[in-house]
Amino acid sequence: MSELNIIALKIISNGKGILAADESNGTMTKRLQDVNVLSTPESRLLFRQTLFSSESIKDCIGGIILYDETINQITSLGKSIPELILSSGSIPGIKVDTGAKELTNSPGEKITEGLDGLRERLKKYYNLGARFTKWRGVYSISNNKPSKLAIHTNAHALARYSSLAQENGMVPIVEPEILMDGNHSADTCLKKTSEVIEKCFEELIIHKVDLSGIILKPNMILAGKQSKSKLSSEEVAEKTLKCLSDSVPTEVPGIAFLSGGQSDIEATENLNLINKNNKTKFIMTYSFGRALQQSALKIWSKNINDIKETQNTFNHRATMCSLAVKGKWSKKLENK
Ligand code: 13P
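Let me begin by describing the structure that accompanies this report. (Residues numbered from 1 in each chain as written. Predicted model: local features only at pLDDT ≥ 70, side-chain atom pairs only at ≥ 80, totals over all residues. Heavy atoms only, no water.)

### Things to note about the overall build of the protein
Now for step 1: Broken down by element type, the protein carries 14 helices and ten strands.
Now for step 2: Taking 336 residues into account, the globule formula puts the C-alpha radius of gyration at 20 Å, and the protein, at 19 Å, falls close to it.
Now for step 3: Across its three principal axes, the protein shows a C-alpha extent of roughly 50 × 50 × 40 Å.
Now for step 4: The buried share among the 336 residues of the protein stands at 58%.
Now for step 5: Here the protein displays about 14,200 Å² of accessible surface, and carbon together with sulfur accounts for 51% of that area.
Now for step 6: Taking the average place of the 44 positive charges on the side chains of the protein and the average place of its 37 negative ones, the gap between the two points comes to 3 Å. (Helix = DSSP H or I, 4+ residues; strand = E, 2+ residues; numbered from the N terminus. Rg over C-alpha atoms; globule rule 2.2 N^0.38 Å. Buried < 20%, exposed > 50% of the residue type's maximum accessible area, 1.4 Å probe, protein only. Areas by Shrake-Rupley, 256 points an atom, 1.4 Å probe, with all protein chains shown as cover. Lys, Arg positive; Asp, Glu negative; His and termini not counted. Charge placed at Lys NZ, Arg CZ, Asp CG, Glu CD.)

Okay, here's the thing in structure tokens:
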């Protein structure tokens with residue numbers, strides 16, 4: 001087993017998943033404004049430090065993805081954020097892309113940037129304690145989108161990023177996210193997601209990326225948010241499993257889903273059914289942002305010094321997600 005494979009497995013084994021707390025300052029400011037909390041470096045640190053010192057990190061969270069500001073912050077207890085994460089046996093990770101920008105010659109589509117100077121930034125993050133990284137390519141579905149150009153350029157960037165992350169001793173999370181906005185059917189989502197993922201692996205292989213040392217972070221297969229058809233969780237699980245078993249090479253150790261705007265319970269229920277029906281050898285877990293943090297953020301915003309209630313809420317969500325990885329989640333346990 002390669003060193004990278006060992007790290008990847010440590011992050012996602014034993015019912016653990018990933019906490020995606022890597023919102024950029026712009027995104028985090030929006031999240032905080034939505035709950036009427038002023039966004040400052042101190043308030044962003046306080047919320048994240050509260051989550052990262054929760055009891056459930058030890059058993060449910062194998063890795064936490066950070067943003068540049070957070071990985072450099074010192075908690076009020078004197079530890080750095082990476083030290084706090086390591087003290088619960090979890091692994092610090094870091095988002096290394098610099099965001100999705102307009103894709104030239106393809107109006108309405110995006111290309112993720114951040115390759116310039118990446119090798120140097122990776123070395124800096126490794127020295128701060130990061131052992132895995134994230135890069136997100138983003139695609140939307142409409143008549144002729146995602147275009148060949150968006151699929152190709154983003155796959156190329158994801159592969160260049162992955163090879164550099166591995167060169168520097170870190171596991172790359174490869175995240176091609178097809179947004180759920182639109183009125184497309186679930187079958188269109190399945191077809192487009194497969195096309196995007198297949199192209200990513202084509203490029204990863206060209207770039208000689210060690211597939212046993214990556215984690216794939218895809219969307220689940222859903223009908224568009226504006227579509228009239230609403231899939232059952234059984235259908236989401238069936239289509240998601242079909243997509244991934246057909247398009248992901250077997251060397252990949254695990255798949256960690258994003259929640260992508262689903263409600264926290266919806267994402268958990270879908271993940272539970274995916275695992276109940278999983279006949280592949282891939283570990284199927286979570287790398288949720290909103291579906292792990294949103295409920296805790298709401299509670300925290302009522303009183304930012306109420307650490308206990310915030311952590312209780314987060315612990316419940318993390319425990320439910322971990323049960324879903326084992327296929328042991330139920331509505332009854334959710335509402336207990
Ligand atoms: P969500 O789970 O909120 O979609 O966030 C996951 C993520 O990391 C998106 O890049």
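More follows now that the structure is in view.
### Thoughts on the site of the ligand
Now for step 1: As a matter of local geometry, the ligand sits amid 13 residues, with Lys134, Lys217, Ser259, Gly260 and Arg290 nearest to it.
Now for step 2: Take Lys134: an N or O atom from its side chain is 2.6 Å from an oxygen atom of the ligand.
Now for step 3: For the ligand, an oxygen atom lies 2.7 Å from a polar atom in the side chain of Arg290.
Now for step 4: Starting from 300 Å² of accessible surface for the ligand in isolation, the protein chains cover 91%. (Near = heavy atom within 4 Å. Polar contact = N/O pair within 3.5 Å; in protein donor to acceptor, adjacent residues only side chain to side chain.)

### A short note on helix H13 (residues 307-325)
Now for step 1: Relative to the 27 Å expected for 19 residues at 1.5 Å per residue, H13 spans 27 Å between its end C-alpha atoms, a close match to the ideal helical length.
Now for step 2: Once H13 ends, the next one or two residues include Gly327, with phi positive near 70°. (Expected span 1.5 Å × (residues − 1).)

### Considerations on the packing of helix H10 (residues 233-247) against helix H11 (residues 264-276)
Now for step 1: Contact geometry of H10 with H11 gives a least axis separation of 8 Å together with a crossing angle of 55°. Between H10 and H11, the angle falls in the class oblique. Between H10 and H11 lies a crossing of right-handed hand. Across the interface between the two elements, Ser233, Glu234, Val236, Ala237, Thr240 and Leu241 of H10 pack against Glu269, Asn270, Leu273 and Ile274 of H11.
Now for step 2: Looking at side-chain class alone, the contact of H10 with H11 contains five nonpolar, three polar and two charged residues. (Axes fitted to C-alpha atoms, helices over the stretch in contact; angles between N-to-C directions. Parallel < 35°, antiparallel > 145°, perpendicular 65-115°, else oblique. Left-handed = near helix turned anticlockwise from the far one by under 90°. Contact = heavy atoms within 4.5 Å. Nonpolar A, V, L, I, M, F, W, Y, C, P; charged D, E, K, R; others polar.)

### Here's the deal with the pattern of salt bridges
Now for step 1: Applying the stated rule across the entire model yields 18 salt bridges.
Now for step 2: A salt bridge links Lys225 to Asp181; the shortest N-O distance between them is 3.8 Å. One end of the pair, Lys225, is in the loop between strand S8 (215-216) and H10; the other, Asp181, is in the loop between strand S7 (171-178) and helix H9 (186-206), with 44 residues separating them in the sequence.
Now for step 3: Its relative accessible area of 52% is what places Lys225 among the exposed residues.
Now for step 4: Residues joined in a network through salt bridges with shared partners are Asp22, Lys95, Lys134 and Glu175. (Salt bridge = Lys/Arg side-chain N within 4 Å of Asp/Glu carboxyl O.)

### Considerations on the side chain of Ser88
Now for step 1: Counting through the fold element by element, Ser88 comes out in the loop between helix H6 (81-87) and strand S3 (91-95).
Now for step 2: With residues up to four places along the chain from it excluded, the contact list for Ser88 reads Phe52, Ile57 and Lys58.

### What about the sheet that holds strand S1 (residues 17-20)?
Now for step 1: Strands sit in the order S1-S2-S3-S6-S7-S8-S9-S10 around a closed barrel of eight strands; the barrel is parallel.
Now for step 2: Pairing of S1 with strand S2 (residues 61-66) involves four bridges; the strand directions are parallel. Within S2, the residue paired with Ala20 across the bridge is Ile65.
Now for step 3: Against the sheet, H9 engages strand S6 (132-139), S7 and S8, with an angle of about 150° to S7. (Pairing = 2+ DSSP bridges.)

### Here's the deal with the nonpolar core
Now for step 1: Counting 87 residues, the largest nonpolar core has Phe52, Ile61 and Phe288 as its most contacted members.
Now for step 2: What Phe288 contacts, discounting residues up to four positions off in sequence, is Ile18, Leu19, Ala20, Met220, Phe257, Leu258, Ser259, Ala267, Leu271 and Cys321.
Now for step 3: In terms of nonpolar packing, the next biggest core, distinct from the first, is built from 14 residues, Ile18, Ile65, Ile91 and Val171 among them. (Core = buried A, V, L, I, M, F, W, Y, C linked by side-chain atoms within 4.5 Å.)

### A look at the pairing of S2
Now for step 1: Of all six residues making up S2, six are buried, and the element is well covered by its neighbours.
Now for step 2: In terms of strand pairing, S2 meets S3 through four bridges, oriented parallel. Paired with Gly63 across the two strands is Ile91, which belongs to S3.

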